[in-house]
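Working through the structure, step by step
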Amino acid sequence: MLKKLALVAAVCATPFQAGACSVNYNTSTEQIIKIVRQNGWGFENYDQVCQKLAAANATLVIDGQATVLGNKSIAWATVMLKDKTLMVFTNEFGGSSTKTNDYASQDKAEELLMQAINSAVDSMGLDKALRSLAESRRQAKAAYSR
């Protein structure tokens, strides 16, 4: 947990806008920033997800990697939620995805990374994750208001 907090303490908060609503995300990986900017989001129900995140003052926290290993293109991603302004997270509910392809190239691996990110968002269980984030906020407020 401390490792995650240290990583997120140094993350880059980046919005990506598609239409009227902008999904914000944090990552400590330049590769993810580049890939999201180049490709844009492709997860299901973008507008609904974006509006729920905005209403809850929440942002996505994305970790992942794309590489070529053993003559295969491989990418993985995990997604969880964070309060936009506070260092309050939920890792109880999140999403993860791994993608592979027999065509071994870094370009293919980066294409797979965007697919893995979108799949991780789709599998997250957003409503449960938002409830969990609200509970984490409540617990943090109770702990620090003593």
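The structure we're discussing is the one just above.
A few points on the structure. (Residues numbered from 1 in each chain as written. Predicted model: local features only at pLDDT ≥ 70, side-chain atom pairs only at ≥ 80, totals over all residues. Heavy atoms only, no water.)

When helices and strands are counted, the protein shows 5 helices and 5 strands. Listing the helices and strands of the protein from first to last along the sequence gives α-β-β-α-α-β-β-β-α-α. Classification of the 146 residues of the protein by burial places 42% in the buried group. Restricting to contacts in the protein with at least 6 residues of sequence separation, those with at least 24 account for 64%. Summing over all exposed atoms, the protein offers an accessible surface of approximately 8,100 Å²; the carbon and sulfur share of this is 50%. (Helix = DSSP H or I, 4+ residues; strand = E, 2+ residues; numbered from the N terminus. Buried < 20%, exposed > 50% of the residue type's maximum accessible area, 1.4 Å probe, protein only. Contact = heavy atoms within 4.5 Å. Areas by Shrake-Rupley, 256 points an atom, 1.4 Å probe, with all protein chains shown as cover.)

Moving on, we get to the packing of helix H2 (residues 30-39) against helix H4 (residues 106-122). Where H2 contacts H4, the axes come no closer than 10 Å and their chain directions differ by 80 degrees. Taken as axis vectors, H2 and H4 run roughly perpendicular relative to one another. Listed contacts from H4 to Gln31, Ile32, Lys34, Ile35, Val36 and Asn39 of H2 are Gln106, Glu110, Leu113, Met114 and Ile117. Its residues placed into classes, the contact of H2 with H4 shows 6 nonpolar, 3 polar and 2 charged. (Axes fitted to C-alpha atoms, helices over the stretch in contact; angles between N-to-C directions. Parallel < 35°, antiparallel > 145°, perpendicular 65-115°, else oblique. Nonpolar A, V, L, I, M, F, W, Y, C, P; charged D, E, K, R; others polar.)

The next point concerns H4. Over its 17 residues, H4 runs 24 Å from end to end, which matches the ideal 24 Å to within 8%, given 1.5 Å per residue. The secondary structure elements touched by the buried residues of H4 are H2, strand S3 (58-69), strand S4 (72-83) and strand S5 (89-101). (Expected span 1.5 Å × (residues − 1).)

Residues of helix H3 (residues 46-55) that are buried include every one of Tyr46, Val49, Cys50 and Leu53, and no others. Angular distribution of buried residues about the axis of H3 spans 100 degrees; they occupy a single face of the element. Pointing more than 90 degrees away from the buried face of H3 are the exposed residues Gln51 and Ala55. One or two positions beyond H3, positive phi appears at Asn57, with a value near 55 degrees. (Arc of directions from axis to C-beta.)

The final tally for this structure, using the stated rule, is 6 salt bridges. Among the salt bridges present, the one from Glu135 reaches Arg138, with a minimum N-O distance of 2.5 Å. Here the residue Glu135 and the residue Arg138 both occupy positions in helix H5 (residues 126-144), the gap between them amounting to 3 residues, near one helical turn. (Salt bridge = Lys/Arg side-chain N within 4 Å of Asp/Glu carboxyl O.)

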